[in-house]
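# Structural features, examined
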Amino acid sequence: MSEKSVLVTGACGEIGQALVQSLAKQGCRIVTADLAPLPETIKSLPAEHMQGDLVNRIKVFYDYDFDVIFHLAASLSSKAEVATEEAHRINVEGTMQLLLLAAYKSEKLKKAVKFLFPSSIAAYGFPDRETKHAAGVVKEDDWNSPHTMYGCNKLYCEKLGVYYSRFYGQRHLDPHPPTMLDFRAIRFPGLVSAFTVPSGGTSDYGPEMLHSAAAGKPYACFVDASTRISFMAMPDAIKSLLMLMDAPRECLTSQVYNIAAFSLTAGEFRQRALGAFPAAQVTFEPNPRRQGIVDSWPEDVDDSLARRDWGWQPDYDVERFFNEYFLPEIKKRYQKTSTRTIE
Ligand code: AKB
């Protein structure tokens, strides 16, 4: 069992709920933070919950000595486009405050606090679909010109994390440099959980379509059928965070890693949905703004750096994702709750 003391911000979100469940199994001492109260899925787990605005309440967290911080709280890409200042405050100021906390504690306790940051394929930005298609699979340093507030926030926070962990106040130039925090980021593709439905993101059409099909609800997809980005099963996303947390620092040649599992078009998602639920009603009604966001994201990412440095590989390719994870779980869920609504 682990004695690690861990903070998870954004604990009520999709990644948060699944991560807290895994950390609790490992026996970590967990503090959760979120604007919302904890949902039923994690309410009964042994975790101390701080409800409220992270930026306003940052002082409270200085009373704890965390070994690891998973800073998941974020305003996602579609939501951030309609409330840009709020997104900046949540995505950038919140991250900055926590980085300062981790930097201070690392220096004071002479032990590097690990700071795990979920970045995103939104950190990339293609000018148009043709360029996206021609580029195909991208490496971490390619096409770092995001089009969205969320993507700008994620890319900048990656840079802030590198700054505070390596160059903060130019302390690294001291004859005896203090202990700096240990910042590690993963650029996630669109994530799909069989247990939760996302909100506020733009990759949401994938999971929304599948959950709607399973629940017998019609779904109008907000991007066109040929739109392609990479996706991943939620258990693989959690696995990647835990693997990167445990990776020996000397093995890491980067602080920002792509990870990939499978890349699908929205039309292929529909085919899969119809294969499993033949009565599913999925139509395409592209929304120009949301279509534009997804068109600026890569079709797929090159995760060879993560594979080489910390042994990353997904458990779920597209076949296993549908046949061994999503469909068995989702069938149970909607059989039990046939009246559940899809937001
Ligand atoms: C979003 O759609 O905003 C997120 C992401 C791809 O980071 N799911």
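Everything quoted here is computed from the prediction, not taken from an experiment. (Residues numbered from 1 in each chain as written. Predicted model: local features only at pLDDT ≥ 70, side-chain atom pairs only at ≥ 80, totals over all residues. Heavy atoms only, no water.)

Before going further, it helps to spend a moment on the packing of aromatic side chains. Scanning all chains against the criterion turns up 20 aromatic pairs. Both rings, one in Y62 and one in Y104, keep their centres 5.7 Å apart while their planes meet at 50°; by these two values the pair is tilted. Placement of the pair is Y62 in the loop between α3 (58–61) and β4 (68–71) and Y104 in helix α5 (residues 84–109), with a sequence separation of 42 residues. Exposure remark for Y62: the relative accessible area of 28% places this residue in the partly exposed category. Ring centres of Y163 and Y168 lie 6.2 Å apart, and the angle between their planes is 70°; this geometry places the pair in the edge-to-face category. Residue classification places Y163 among the partly exposed positions, given a relative accessible area of 31%. Directly above the aromatic system of F222 lies the positively charged group of R290, at a separation of 3.7 Å from the ring centroid. A cation over an aromatic ring shows up here: K331 above the ring of F277, its NZ or CZ 5.9 Å from the ring centre. (Phe/Tyr/Trp six-rings, centres within 6.5 Å; stacked < 30°, edge-to-face > 60°. Helix = DSSP H or I, 4+ residues; strand = E, 2+ residues; numbered from the N terminus. Buried < 20%, exposed > 50% of the residue type's maximum accessible area, 1.4 Å probe, protein only. Lys NZ or Arg CZ within 6 Å of the ring centre and 35° of its normal.)

Turning to the environment of A135, a few remarks are in order. You can see A135 is positioned in helix α6 (residues 129–135). Overall, A135 belongs to the partly exposed group, its relative accessible area being 27%.

Moving on to the site of the ligand. Taken together, the neighbourhood of the ligand is formed by L76, S77, S120, I121, Y150, G201, T202, S203 and W297. Taking Y150, its side chain carries an N or O atom lying 2.7 Å from an oxygen atom of the ligand. Between a nitrogen atom of the ligand and a side-chain N or O atom of S203, the distance comes to 2.9 Å. Contact with the protein chains covers 92% of the free accessible surface of the ligand, which is 250 Å². Class assignment for the residues of the shell around the ligand results in four nonpolar, five polar and no charged. (Near = heavy atom within 4 Å. Polar contact = N/O pair within 3.5 Å; in protein donor to acceptor, adjacent residues only side chain to side chain. Areas by Shrake-Rupley, 256 points an atom, 1.4 Å probe, with all protein chains shown as cover. Nonpolar A, V, L, I, M, F, W, Y, C, P; charged D, E, K, R; others polar.)

On to the sheet that holds strand β12 (residues 262–265). The pairing of strands in a sheet comes from backbone hydrogen bonds and takes either a parallel or an antiparallel form. Spatial ordering of the open sheet is given by β8-β10-β12, a layout of three strands whose pairing is mixed. Strand pairing shows two members of the sheet lacking a second neighbour, β8 (190–192) and β12, which therefore form its edges. Neighbour-to-neighbour, the strand axes of this sheet turn through a mean angle of 45°, independent of strand direction. Strand direction decides the pairing type here: β8 and strand β10 (residues 228–233), joined by three bridges, are parallel. The residue bridging V192 from the neighbouring strand is A233, located in β10. Here helix α8 (residues 205–215) sits on the sheet in contact with β8 and β10, set at roughly 65° to β10. (Pairing = 2+ DSSP bridges. Axes fitted to C-alpha atoms, helices over the stretch in contact; angles between N-to-C directions. Contact = heavy atoms within 4.5 Å.)

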